[in-house]
Amino acid sequence: MEFGDKIKKYFDKGVEVSKNAFDKGVEASKSALNKASNVVQDFSDKSVVRIERRQFETKRDEQFAELGKRVAAKIINEQEQAVRADDSEIVGIIEEIKRCEGEIAKREEALGTKQES
């Protein structure tokens, strides 16, 4: 075998090794990017659920405040001794509080958390 043939053989082998290393690097990069993409997507999804949960908590808290105002008005202004849960002014507020509580529970379940209200 001539010296030039040996050099060509080594060169071809080097090209093949480089190509294999490059292919493995590309596969590793694709795998890493897919994993990173999945992590980012999961974070994004959970962030949306956390925002939705917070919106329902705010809405629920606003309804509690409204309930307190209505009850106070009935007791103070109308001088009622008691307020019933089936009072027409109260029923809608209570139902909205219950709906918000259900929505909050759904978000907490999706996040795998349980918060104390």
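Here's a quick rundown of the structure. (Residues numbered from 1 in each chain as written. Predicted model: local features only at pLDDT ≥ 70, side-chain atom pairs only at ≥ 80, totals over all residues. Heavy atoms only, no water.)

**Regarding the overall build of the protein**
Thought 1: When helices and strands are counted, the protein shows 2 helices and 0 strands.
Thought 2: Taken over C-alpha atoms, the radius of gyration comes to 33 Å for the protein, far larger than the 13 Å a tight globule of 117 residues would show.
Thought 3: Viewed in the frame of its principal axes, the protein has a C-alpha envelope of about 115 × 20 × 20 Å.
Thought 4: Considering only residue pairs separated by 6 or more positions, the protein has 65% of its internal contacts joining residues 24 or more positions apart.
Thought 5: Looking at the protein as shown, the accessible area adds up to about 9300 Å², and 56% of this sits on carbon and sulfur atoms.
Thought 6: Positive and negative charge centroids in the protein, built from 23 and 25 side chains respectively, lie 7 Å apart. (Helix = DSSP H or I, 4+ residues; strand = E, 2+ residues; numbered from the N terminus. Rg over C-alpha atoms; globule rule 2.2 N^0.38 Å. Contact = heavy atoms within 4.5 Å. Areas by Shrake-Rupley, 256 points an atom, 1.4 Å probe, with all protein chains shown as cover. Lys, Arg positive; Asp, Glu negative; His and termini not counted. Charge placed at Lys NZ, Arg CZ, Asp CG, Glu CD.)

**Describing the environment of valine 91**
Thought 1: Turning to its location among the elements, valine 91 is positioned in helix H2 (residues 88-111).
Thought 2: For valine 91, a relative accessible area of 33% corresponds to the partly exposed category.
Thought 3: Between the C-alpha atom of valine 91 and that of glutamate 80, which follows or precedes it by 11 residues, the distance is 17 Å. (Buried < 20%, exposed > 50% of the residue type's maximum accessible area, 1.4 Å probe, protein only.)

**Let's talk about unusual backbone geometry**
Thought 1: With a phi close to 55 degrees, glutamine 79 is a non-glycine residue in the positive phi region.
Thought 2: Along the chain, the position of glutamine 79 falls in the loop between helix H1 (3-76) and H2.

**Notes on the pattern of salt bridges**
Thought 1: In the structure shown here, the tally under the stated rule is 16 salt bridges.
Thought 2: The partner of glutamate 96 in a salt bridge is lysine 59, and the shortest N-O contact between them spans 3.9 Å. Separated by 37 residues along the polypeptide, glutamate 96 in helix H2 and lysine 59 in helix H1 bring together distant segments of the chain.
Thought 3: Here glutamate 96 falls in the buried class, since its relative accessible area comes to 17%.
Thought 4: Residue arginine 107 pairs with glutamate 103 through a salt bridge whose shortest N-O separation is 2.4 Å. Of this pair, arginine 107 and glutamate 103 both sit in helix H2, 4 residues apart, which is roughly one turn of that helix. (Salt bridge = Lys/Arg side-chain N within 4 Å of Asp/Glu carboxyl O.)

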